[in-house]
Amino acid sequence: MNKSFFFDGEVLHSRSFPKKHSFHYQYKSIYSKDVYCFLKKKYNYLSIFPLRYNFTQKIIDEEIINWFSNFIKIKSYNKNDIKIDLLKIPNIIGETFNPVCFWILKYKGQLKAYIAEVTNTFKEKKIYQIHNEGENIGSDKWISINKSMYVSPFSEKIGLYKFNINLSPVIIKIHEFDKEDQLEIITQLNGDLRKLSRKNLWIYTIRLLYNSLSVLPRIHIQALKLWLKKLKVFPHKGDGYAE
């Protein structure tokens, strides 16, 4: 059964190259436990009105769940002991824009793999599969993944991400490097999980709604500030995917 919590956190973003720029915002989301059953091949839907997830997108079945299924098969994991958690801002009014959300695979309670589902402002999506060859992923483990999609007009499509995750408490760190291995951006997402109840549901829903409506304006405001600092602009050119 899907057990969901209010994620009460913040995001910190610091650019160190080619010019310094930093900001931080309050970040509200939902952390849902056990969102998919591999034995029944069935989603455990978020059933807290008016919060909901849309699991009908092709990328979820064809790339995210399919990759997890193959990973579980290769590692010979018992599906009875698999849990998939999801950190993602839910839909409230229409489709909520999530720059990044995290699908987290646990086996016998241990973190084995996770997927960063990245969406840019052109609504292009890319998934990055992060794992430690089946070994546990500890809070001190950094994992490198090649960047291959456009996410900002001030960074190239290609580069390198380094991910680090801790689940108790939730702290997710992403270091982004350019193609010359120069550290460009440090991002950290951290927060606490709060129990949802009838008493606090609508208060948390209002906070989630404010957060979801603020995401795109905040992105554009920070982009304007970077443009005023005269950072080099890398055009999208109609296709955000690296060749």
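Residues numbered from 1 in each chain as written. Predicted model: local features only at pLDDT ≥ 70, side-chain atom pairs only at ≥ 80, totals over all residues. Heavy atoms only, no water.

Peer 1: Can you walk me through helix α1 (residues 58-74) in this structure?
Peer 2: Residue pairs three or four apart in sequence face the same way in an α-helix, which turns once every 3.6 residues. If you check α1, its first and last C-alpha atoms are 23 Å apart, about what 17 residues at 1.5 Å a residue would give, namely 24 Å. By the largest-angle criterion, N66 marks the main kink of α1, which is about 30°. The complete set of buried residues in α1 reads I59, I60, I64, I65, W67, F68, F71 and I72. Positive backbone phi, approximately 55°, marks S76, located one or two places after α1. (Helix = DSSP H or I, 4+ residues; strand = E, 2+ residues; numbered from the N terminus. Expected span 1.5 Å × (residues − 1). Bend = angle between axes of the 7 residues up to and from the residue. Buried < 20%, exposed > 50% of the residue type's maximum accessible area, 1.4 Å probe, protein only.)

Peer 1: Can you walk me through a nonpolar patch on the surface in this structure?
Peer 2: Taken together, the side chains of L224, W227, L228 and V233 present a nonpolar region at the surface, about 430 Å² in accessible area. The residue W227 is located in helix α2 (residues 201-228) in this model. (Patch = residues over 30% accessible without salt bridge, like charges linked within 9 Å, V, L, I, M, F, W, Y side chains within 5 Å. Areas by Shrake-Rupley, 256 points an atom, 1.4 Å probe, with all protein chains shown as cover. Salt bridge = Lys/Arg side-chain N within 4 Å of Asp/Glu carboxyl O.)

Peer 1: Would you take a moment to explain the nonpolar core for this structure?
Peer 2: The tendency in soluble globular proteins is for nonpolar side chains to be buried side by side. Judged by nonpolar contacts, the single largest core of 33 residues is most densely connected at F38, F55, I60, F68, W103 and L105. Elements with a contribution of two residues or more to this core: α1, β5 (82-88), β6 (100-107), β7 (110-119) and α2. Dropping the residues within four chain positions of it, F55 is found in contact with V35, Y43, N44, Y45, I60, L86 and W103. I104, M149, I172 and V215 belong to the second largest nonpolar core, which has 27 residues in total. (Core = buried A, V, L, I, M, F, W, Y, C linked by side-chain atoms within 4.5 Å. Contact = heavy atoms within 4.5 Å.)

Peer 1: Mind showing me how you'd approach unusual backbone geometry here?
Peer 2: Apart from glycine, the bulk of residues carry a negative phi angle, and the bulk of peptide bonds sit in the trans form. The residue after F17, namely P18, is reached through a cis peptide bond having omega 0°. Its place among the elements puts P18 in the loop between β1 (3-15) and β2 (21-33). Omega for the bond connecting S168 with P169 falls within 30 degrees of zero, at 0°, which places this linkage in the cis form. For P169, the location among the structural elements is in the loop between β10 (158-167) and β11 (170-177). We note that K108 has phi near 55°; this positive angle belongs to a residue other than glycine. In this structure, K108 sits in the loop between β6 and β7. Unusually for a residue other than glycine, K123 sits at a positive phi of about 65°. Here K123 lies in the loop between β7 and β8 (125-131).

Function-wise, these values are silent; they only describe arrangement.
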